[in-house]
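Here are the chains, one letter per residue:
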Amino acid sequence: SSGTLNSARFSGGKIGQVLQDTTFSAGTSTSSTDVEMFAIGGVSLASTSSKVLLIASCPNVQKSGGDCSIRLKIKYGSTTIASLSILATSSSADHYGGSTLSYLYSPNATSPETFYVTYAREGSAGSVSVYESGSGQGIGNTFTIMEVLA
């Protein structure tokens, strides 16, 4: 046990490609319909055995005016592959926060496809916003895609 790892015990795990987008654009919704925050299209994987690490970092969100929360989703084409609800409260006061939604996905495909991050209001009242200046002090929302080779 010399502290050196035997490389023969490890395989794969190399990064094939990294794609990233950042937005500083504000958006508000009072609907349960998904609003697109990011779309990274034409993503072709090297192999059907590749995995994709998806990281949606949203430090700038707000809910206001009622019993609601913010629902974030990561989609592959039209398929929702990860979802998270944040800032759930019945208070009508403004609430600021943020979250990171990450997921290791195995699409089992190599054809070009689009990955999306969306947001929507969950609940019966109020509004939800992304990139509110009071919540993140100028830090943008970011979506990162990393292909992990088999």
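From a predicted model like this one, the values you see are computed outputs, not experimental measurements. (Residues numbered from 1 in each chain as written. Predicted model: local features only at pLDDT ≥ 70, side-chain atom pairs only at ≥ 80, totals over all residues. Heavy atoms only, no water.)

*Asks:* Honestly, the overall build of the protein chain in this entry has me stumped. Any pointers?
*Replies:* Check the secondary structure of the protein chain and you find one helix and 10 strands. For the protein chain, the N- to C-terminal ordering of α and β elements is β-β-β-β-β-β-β-β-β-α-β. When burial is assessed residue by residue, the protein chain has 41% of its 150 residues classed as buried. Accessible area of the protein chain: about 7600 Å², with a carbon and sulfur share of 47%. (Helix = DSSP H or I, 4+ residues; strand = E, 2+ residues; numbered from the N terminus. Buried < 20%, exposed > 50% of the residue type's maximum accessible area, 1.4 Å probe, protein only. Areas by Shrake-Rupley, 256 points an atom, 1.4 Å probe, with all protein chains shown as cover.)

*Asks:* I keep staring at the sheet that holds strand β6 (residues 79–89) and nothing clicks. Help me out?
*Replies:* Two strands in a sheet stick together by hydrogen bonds in their backbones, pointing the same way (parallel) or opposite ways (antiparallel). Spatially, four strands are ordered β3-β8-β5-β6 in an open sheet, and the strand pairing comes out antiparallel. A single partner strand is all that each edge strand has here, and the edge strands are β3 (35–43) and β6. Along the sheet, successive strands turn relative to each other by an average axial angle of 15°, direction set aside. Strand direction decides the pairing type here: strand β5 (residues 68–76) and strand β8 (residues 113–123), joined by nine bridges, are antiparallel. What sits directly across from Leu-72, in β8, is Tyr-119. (Pairing = 2+ DSSP bridges. Axes fitted to C-alpha atoms, helices over the stretch in contact; angles between N-to-C directions.)

*Asks:* What is the right way to look at the nonpolar core in this model?
*Replies:* Proteins that are soluble and globular tend to have nonpolar side chains buried together. The biggest cluster of nonpolar side chains holds 28 residues, and the ones touching the most others in it are Met-37, Leu-54, Leu-72, Ile-74, Phe-115, Phe-143 and Ile-145. When residues of this core are traced back to their parent elements, those giving at least two are β3, β4 (51–64), β5, β6, β7 (95–105), β8, β9 (127–130) and β10 (141–148). Residues in contact with Leu-54, not counting those within four places in the same chain, are Ile-74, Ile-81, Leu-101, Ser-102, Tyr-103, Tyr-105, Phe-115, Phe-143, Thr-144 and Ile-145. (Core = buried A, V, L, I, M, F, W, Y, C linked by side-chain atoms within 4.5 Å. Contact = heavy atoms within 4.5 Å.)

*Asks:* How should the pairing of β4 be read in this particular structure?
*Replies:* Working note: regular strand, side chains alternate between the two faces of the sheet. Both β4 and β10 contribute to a ladder of seven bridges, which runs antiparallel. Of the residues in β10, the one forming a bridge with Ile-55 is Thr-144. In terms of strand pairing, β4 meets β7 through 10 bridges, oriented antiparallel. Across the sheet, the residue bridging to Val-61 is Gly-97, located in β7.

*Asks:* How do you make sense of the side chain of Lys-75 when you look at a structure like this?
*Replies:* As for its position among the elements, Lys-75 is in strand β5. Reaching out from Lys-75, the side chain makes a polar contact with the side chain of Asp-34 at a distance of 2.9 Å. Setting aside residues up to four positions removed in sequence, Lys-75 forms contacts with Asp-34, Thr-80, Ile-81, Thr-114, Phe-115, Tyr-116 and Thr-118. (Polar contact = N/O pair within 3.5 Å; in protein donor to acceptor, adjacent residues only side chain to side chain.)

*Asks:* Help me understand the packing of aromatic side chains in this model?
*Replies:* Taken as a whole and judged by the stated rule, the model has four aromatic pairs. Look at Phe-38 and Phe-143: their rings are 6.0 Å apart centre to centre, the planes differ by 35°, and that puts the pair in the tilted class. Residue Phe-38 is found in strand β3, and its partner Phe-143 is found in strand β10; the two are separated by 105 residues along the sequence. Take Phe-38 and Phe-143: they sit in the same class, and that class is buried. Centroid distance Tyr-76 to Phe-115: 4.8 Å. Interplanar angle 45°. Geometry classified as tilted. One end of the pair, Tyr-76, is in strand β5; the other, Phe-115, is in strand β8, and 39 residues separate them in sequence. (Phe/Tyr/Trp six-rings, centres within 6.5 Å; stacked < 30°, edge-to-face > 60°.)

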